[in-house]
Every structure is written in structure tokens, then in C-alpha cells.
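# Summary of structural features
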Amino acid sequence: MLVSFPRLVGRTQGFGLGRPRRFTIGPDGKRVLFLRSLGGEDPVLRLWSLELDGERELLLADPVAPAGQAPSARERARRERARDRSAGISDYSADRAVRRVAFTADQKLFVVDVETGAVTALPARAPVEDATISPDGTAVAYVHEGELRLVGTDGAGDHSVATPEKAEVTYGLAEHVAGESMERTRGFWWAPDSGRLAVARVDNEPVEVWYLSDPSHPREPPTAHRYPRAGTDNAVVTLHVYDTSGGRTDVTAEYEYLVDVVWDEHGLLAVTQNRPQTVMRVLEVDPATGATSTIAEEQDDAWTQIVPGVPRRTAAGELVWTSDRDDTRHLTVAGEPVTPPGLQVAELLSVDGDTLLFAATEEPTEQHLWTWSRAGGLDQITAGKGVHTGCRSGGSTVIRSYRLDGEDTRFGPRTITDLAASSPVVPKVSLLRCGKRELRTAVLFPAVWQRGERLPVLMDPYGGTAMQRAVAHRGSFYVSQWFADQGFAVIVADGRGTPGRGPRWEKEAHGDNSGKLVEDQVDALHTVAALYPELDLGRVGIRGWSAGGTLAALAVLRRPDVFHAAVAGAPVTDEFLYDTHWQERYLGDPRVDPGPYTSASVLTDAAKLERPLMLIHGLADDNVYPVHTMRFSAALLAAGKPHTVLPLPGAGHMASGADLLTPQLRFLQEALRR
């Protein structure tokens, strides 16, 4: 039986199942480990190995699809933060030699011997919430119900390292804002000698308690969450050094946010930010005393940007960091820029001895891989339009390439098998520069469209600071092309504040930028319409999710002369109700000045609604809580403004599985019908 495209999107998780991911290269560069399921509709991730001189990929660990206990509340939250909808092996870590690997599956702990393929279940206390093997491969540290524990890879000696003193304390876990806003998902870090760990203690007691309930299961009690909305208290996060028997040294430093921790052969580093995020420091920590000293610092009147992968140190001990100078985010080594003006560093991917592998952009629609070393200088190692990422060790590199004509993963000369399902919808994308700001914009038309045929328009933006959408990456446009094939001209425009165009462009998001967001969508629309007079500017819809949902609501409320219908999925409607680290970065502390929050919130514009509006929200969303849509709907009703609400019982922020595209299509077709 043929499956509709909207249902296929859900079943294949956006055509991502079956693709290799989470690569680890051995120190000699001859072997790579990775996760992959068995096919395009199989969500169970398995652990694989590929040798450069081997004949085939080897299946190392094949967990049975979880059918036991339901995931713990913390495990569900961790997966939500990581946007992980898979099953099977949720994560893994390898020892320094990449000979032993620890992984979790069904919230239980296992170790696999890479040489023999033998898998051993360890007698760890379940549910296991996070686990990392020691560098020497003799032990695994893991978290169980907020307690950091240790067990030998031989199964012996399971014991507590750090035990919570009260219910709201955890050891070894990342707090909400770290996982959601800082890209820090870990809460403990091994010392290179495997004898000690740096451990984050999180006290959530100061954080407000919010509740989520599922109205489709009225007998189930609400679930409590600690959620730090803007202007309220954060969790208290402190760093400590533990030896494996539980001896503790407290790290002495003043900060609001613990951004990251790095422990390498040169010592222990901690990265911190102040509450306004205007100062970020790299602290060198003495593990014996807990004393700290600042070895690098960035300051900015707007905010300091967290760049994934830094800080790190080269084999020679030189600090690798980033610095925003003029309008370029440079990679720095020992305090000096090693990248030229105009090359925007996005992420440090690997440090292989004294060679750095990093991702950077010159043209915002593309991301390429570069290497730098003192001996070899700067070298771009990927070519062709696309978005490239990867990792490197032992002189070998895995390159994962996404292009408009396809994608592949290469390990040296080898291609790693991709088992993803093929999309029946093939995007045909034109990338343009629109308006005086040269907004990077993608335009898609129906596959069978001919010039001269009038088309309604669908704007399909994200528009937030977390990601770009108008990029040379085919997977970004499957859904957009499907809407185009239903009879729309679809426009995807990245406005001010989106990544990839340098610090000055990003800092356009500082303060209330809601007006800029809408203005940029209007500019992109009018530029494309000037190129294609077939676009019917009397029938313009806009749809989006999360930040894109907020933008869709703003557009239809504030520019009803341009936008005639909107679908807003999981929108932030009350800016006061989003988390501290994210919101205060752009809008400041509402306890000091609530004005930017009030003016940016769509609640204040509810009475202006003139056009059809659909709101969609998962009722188990613990990122953008459903209170946003509920309050907005209440404000619209109070103002006498009819609208449509589609609630999704049991769904989180990245609602998946159900067909959410067809209801949007039918709504837009009806709203824009003449």
C-alpha cells in the first residue's frame, strides 16, 4: 500500500532513519565507529564499525527494540533536549584506544569489545540516564536518579561517587538551560588518568515548578518540571572534582552559567558566563585545590556567543578558542587569529594532535570543512555547494556532506552505507539573494509548473537564531517542495539574526527584533515577486514552527496587508514565559526592563487579527510550553477573533509521527481560496 508523503515524513523521521551518525575514529585513523539503524523506517540505532582496509561494515551491537520499562522522566527530557526520537542505542562513548565502548539501550548499561565483538551487560542500577567510559577503559561512570555512580567494565565494584543531598539535587546531569540553550548535554567529565572526574552539581530547588498534563489520559497525574522562565531564578550549578572513591574538592569560581568543561592531558578547564552573558571566561582549574584563574575572556555589549567545540588545546598545549573581531568570528590559537576576515567559524570539530578540523562559512548558504596547523597552515578540504561536517583522528577524516543533489558520508576513500529511505518528493531549489540586505532565500515551484500560471505564495521560514534554512542542503526542503507541489510558490528566507553571516548580522537579534523579522520576510517576498510576476500577492500564506511559528503569528498580525493566512506551530507568544539563558540573551532581564518582552509578545496584538490563523501545539512540550498557545487563544477569544487551534495530546516540541502537514495544507487552501 502506498504511504502518503506526510505520513512517510513521520515514519522516516524526516528521511533521517538509516543514516550513519555519531562517528568516532580510532587514534590510529584506521577504524571508525558509528550509529545507524537497519533501514529508512527502523528507529533502532545500532553500533557499527568500519576499517579502512576492511571488506565490510561490522555490526558490533544490536539491541532489541525497547519493549520494557517506559523511559524515565529525566530520560524523556534528555532526549527532548537532544531532539532525539530514536530507539536502541541512545548514545555511546569509547575509551582512548577505541577498543572498548560503553553504551546505553533501554536505559541499561552495556560494554562491547571492539576487537572481539563481545557485548557485556553491566550490573548498573537502572534506569541509566547517562554513561561515559573511562579513558583507560576499566570503568564506566553513569547517572542513576541523579546520583553519579561507577562500575568496572568487568562488572565489579558498582558504587556511588556523588549522592544527592535532597530531592532537587542531581550530580552529573545537565540542567534545562544547559541542554536547551548551551548545547551542553553532559554533567561529568573524566580526567585523562581515569582516577578522577569533574562533576556538575545542580540544585534545582530555586527554579519554578511547572506542570504538564495529558487531557487524553485524565487519570494520570500532571508531571512536574523545573523551568526557569526569564527573570526568575536559575538552578545553582557548581563544579567539583571527585576521585573514584568519592573524595571531593570544590571548584571556587563565581558565575551564573557553567557553559562547558574540558579535561585533557594539559589540565582542567571550565567555561563560564555571567547572567547577562556579556562576559565569558575560560578558567584553568587546579584539581587538587579547586582554585581557578582566567586564561581567556570574551566580552560583548550584546552577548558572548557559545561556539560548539571550543575551548580545546593542541598537543603542544596551545589554547584553541574563538574571538569576534570586527565582523568576523575567528578561530584563535594561543590568543592569535588563524583564520582570515570573512571566514565565519561555526564549530571546532576535532583536534588531531596539532591539526584542527573546523566548519566555517564564507557564503552563508554553504558550510565547508577546513584544517589548520602551524606546519600546514589553513586548508579548505571540501568543495562544491553544500553543508559539510565531520571529524578527524589519527590523520583520517570522516566527511558528512549534504548537497542539493544528494548526500554521502566518506571515511578516507571509503563510503559509509546510507540506508535512508528515498523521498518521493525531490526538491527543485533556486537560491537567491533578496533585497538590499541580500537575504539568502530559497524558492521552490510545483514540479509540473509552467511559467505564466498564477500561484498563491507560501512563506516557509524559521527566522530564529538557532539555525539557517536557506542552505544548499536538499533535506532542508522536502516539506517545502511538497507544499509547492500542492500548488504554491514556496519562499524560504533567512532574515537578520540567523547564523552564518558573522557577528554583526547575528547581533541584529539583540533587543526586540520582531519588526525586523517581519520586514525581512516582506522584502524577500517582494523581491521574488519582482522576478516571478506569476506570484499572486493577493494570496500569501506563512507557516512555521517554534521560532518560525512565532514569526508566522507576528506576520499575520502586524502585516495583514501582506500576509493573508498563517499556521503557527509551537509559537512563543508570551516572551516572559521562555527560559532565562535564551530569552535574556536577546531581550535582557525583564526584572530590569520588561519593555522589550512586552513589545515583542504577540499577545499584545491579539485584537489586531484580521486573517485566518491556525495554532498547533504539543501538550507535552516542555520547551515551548502549551501555555503559550493557550494564553494566545484566550486573548484572541477575549478580543472576539475567531481562530483554529489544533492540540496534540502527548506530543513534545518536535511533534512527530502524526500527519501534521495535511491539516495545514487544507487550512491554507481554504484560507487562500478565491
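What counts, and where the lines are drawn
- Residues numbered from 1 in each chain as written.
- Predicted model: local features only at pLDDT ≥ 70, side-chain atom pairs only at ≥ 80, totals over all residues.
- Heavy atoms only, no water.
- Helix = DSSP H or I, 4+ residues; strand = E, 2+ residues; numbered from the N terminus.
- Rg over C-alpha atoms; globule rule 2.2 N^0.38 Å.
- Buried < 20%, exposed > 50% of the residue type's maximum accessible area, 1.4 Å probe, protein only.
- Areas by Shrake-Rupley, 256 points an atom, 1.4 Å probe, with all protein chains shown as cover.
- Lys, Arg positive; Asp, Glu negative; His and termini not counted.
- Charge placed at Lys NZ, Arg CZ, Asp CG, Glu CD.
- Phe/Tyr/Trp six-rings, centres within 6.5 Å; stacked < 30°, edge-to-face > 60°.
- Lys NZ or Arg CZ within 6 Å of the ring centre and 35° of its normal.
- Pairing = 2+ DSSP bridges.
- Axes fitted to C-alpha atoms, helices over the stretch in contact; angles between N-to-C directions.
- Salt bridge = Lys/Arg side-chain N within 4 Å of Asp/Glu carboxyl O.
- Parallel < 35°, antiparallel > 145°, perpendicular 65-115°, else oblique.
- Contact = heavy atoms within 4.5 Å.
- Nonpolar A, V, L, I, M, F, W, Y, C, P; charged D, E, K, R; others polar.
- Polar contact = N/O pair within 3.5 Å; in protein donor to acceptor, adjacent residues only side chain to side chain.
- Left-handed = near helix turned anticlockwise from the far one by under 90°.
- Core = buried A, V, L, I, M, F, W, Y, C linked by side-chain atoms within 4.5 Å.

## Quick look at the overall build of the protein chain
From N to C terminus, the protein chain includes eleven helices and 43 strands. Computed over C-alpha atoms, the radius of gyration of the protein chain comes to 25 Å, within 12% of the 26 Å expected from 2.2 N^0.38 for 674 residues, which places it in the range of a compact globule. For the protein chain, the C-alpha atoms occupy an extent of roughly 70 × 55 × 55 Å along the three principal directions. Across the 674 residues that make up the protein chain, the buried fraction comes to 57%. Counting every atom, the protein chain has about 26400 Å² of accessible surface; 50% of that belongs to carbon and sulfur. For the protein chain, the separation between the mean place of its 72 positive charges and that of its 90 negative charges on side chains is 5 Å.

## Concerning the packing of aromatic side chains
Evaluated as defined, the whole model comprises 15 aromatic pairs. Note on W482 and F483: the rings are 5.0 Å apart at their centroids and 75 degrees apart in plane angle, and the pair reads as edge-to-face. The class of F483 is buried, set by a relative accessible area of 0%. With centroids separated by 5.6 Å and ring planes inclined at 70 degrees, the aromatic side chains of W582 and Y586 adopt a geometry described as edge-to-face. Separated by four residues within a single helix, W582 and Y586 lie in helix α8 (residues 580-587), roughly one turn from each other. Taking relative accessible area as the criterion, W582 reaches 18% and is therefore assigned buried. The ring of Y92 has R22 sitting right over it, with the charged end atom 4.2 Å from the ring centre. In this structure, R36 is placed above the aromatic ring of W48, and the distance from its NZ or CZ to the ring centre is 4.2 Å.

## Here we look at the sheet that holds strand β31 (residues 377-380)
A sheet is described by the order of its strands in space; here four strands give the open sequence β28-β29-β30-β31, paired in antiparallel fashion. The open sheet has two edge strands, β28 (344-352) and β31, and neither has a second partner. Geometrically, the sheet is characterised by an average inter-axis angle of 25 degrees between neighbouring strands, direction not taken into account. With five bridges connecting them, strand β29 (residues 355-361) and strand β30 (residues 368-373) associate as antiparallel partners. Note on β30: the bridge partner recorded for A359 is L369.

## Notes on the pattern of salt bridges
Tallied over the entire structure, the rule returns 57 salt bridges. Its salt-bridge partner being R374, residue E318 comes within 3.0 Å of it at the nearest N-O pair. Pair noted here: E318 is in the loop between β24 (312-313) and β25 (319-325) and R374 is in the loop between β30 and β31, with a separation of 56 residues, a long-range link. In this structure E318 comes out as partly exposed when scored by relative accessible area, which is 23%. By relative accessible area, R374 is classed as exposed at 53%. Among the charged side chains, a salt-bridge network with shared partners connects R437, R496, E519, D520 and D523.

## Structural notes on the packing of helix α6 (residues 514-531) against helix α7 (residues 547-558)
In a packed pair of helices, the relevant descriptors are the angle between the two axes and the axis-to-axis distance. Look at α6 against α7: their axes get within 10 Å of each other, and the N-to-C directions meet at 80 degrees. Judged by the inter-axis angle, α6 sits roughly perpendicular to α7. Between α6, through S514, G515, L517, V518 and Q521, and α7, the contact on the second element is made entirely by L551, L554, A555 and R558. Taken together, the residues of the contact of α6 with α7 sort by class into five nonpolar, three polar and one charged.

## Considering the sheet that holds strand β23 (residues 292-299)
If you walk across this open sheet you meet the four strands as β20-β21-β22-β23, and the pairing is antiparallel. Every other strand in the sheet has two partners, leaving β20 (257-264) and β23 as the edge strands with one partner each. Put simply, the sheet's adjacent strands are angled 20 degrees from each other on average, direction ignored. Both strand β22 (residues 279-285) and β23 contribute to a ladder of seven bridges, which runs antiparallel. Looking across to β23, one finds that E284 is bridged to S293.

## With respect to the pairing of strand β34 (residues 406-411)
Pairing of strand β33 (residues 396-403) with β34 involves six bridges; the strand directions are antiparallel. Within the sheet, the bridge partner assigned to Y402 lies in β34 and is E407. Judged from the two bridges that link them, β34 and strand β35 (residues 414-415) form a sheet pairing that is antiparallel. Among the inter-strand pairings, F411 is bridged to a residue of β35, identified as R414. Taking the residues between adjacent antiparallel strands as the criterion, β34 and β35 are bridged by two residues, where G412 takes a positive phi near 60 degrees.

## Some details on the side chain of D95
Tracing the sequence through the fold places D95 in the loop between β5 (87-94) and β6 (100-105). Within the buried core, D95 has no salt-bridge partner, and the shortest N-O distance to an opposite charge, that of R100, equals 5.5 Å. Here the side chain of D95 touches R99 through a polar contact of 2.9 Å, landing on its backbone nitrogen. Beyond its immediate stretch of four places on either side in the chain, D95 contacts R100, I133, S134, P135, D136 and G137.

## Describing the environment of V98
Mapped onto the elements of the fold, V98 is located in the loop between β5 and β6. For V98, a relative accessible area of 4% puts it in the buried group. Note: C-alpha distance between V98 and L33 (65 residues apart in sequence) is 8.6 Å. Beyond its immediate stretch of four places on either side in the chain, V98 contacts T24, I25, G26, P27, R31, L33 and V114.

## Looking at the packing of helix α4 (residues 478-485) against helix α11 (residues 661-671)
Their axes nearest at 11 Å, the elements α4 and α11 cross at an angle of 40 degrees. Judged on the interaxial angle alone, α11 and α4 are oblique. The chirality of how α4 crosses α11 is right-handed. Contact residues: V479, W482 and F483 in α4; L661, T662, Q664, L665 and L668 in α11.

## Topic: the nonpolar core
One finds F445, M459, L535, F563, L613 and F632 to be the most contacted residues of the largest nonpolar core, which totals 41 residues. If sequence neighbours within four positions are ignored, F563 has contacts with M459, V518, Q521, V522, V540, I542, A555, V556 and R611. Listed in part, the 31 residues of the second largest apolar core include L8, F15, V490 and L648.

## Some points on the side chain of Q344
Looking at where Q344 falls in the secondary structure, it is placed in strand β28. A polar atom in the side chain of Q344 sits 2.9 Å from the backbone nitrogen of R329. Here Q344 is in contact with D327, T328, R329, A359, A360, T361, G500, R501, G502 and P503, once residues within four sequence places are set aside.

## A short note on the pairing of β5
A large share of β5 lies buried, amounting to six of its eight residues. In this sheet, β5 lies alongside strand β3 (residues 44-51) in parallel orientation, the contact comprising two bridges. Within the sheet, the bridge partner assigned to L45 lies in β5 and is G88. What sits between the antiparallel neighbours β5 and β6 is a turn of five residues, in which V98 has the positive phi angle 55 degrees.

Coordinates in, geometry out; function isn't part of it.
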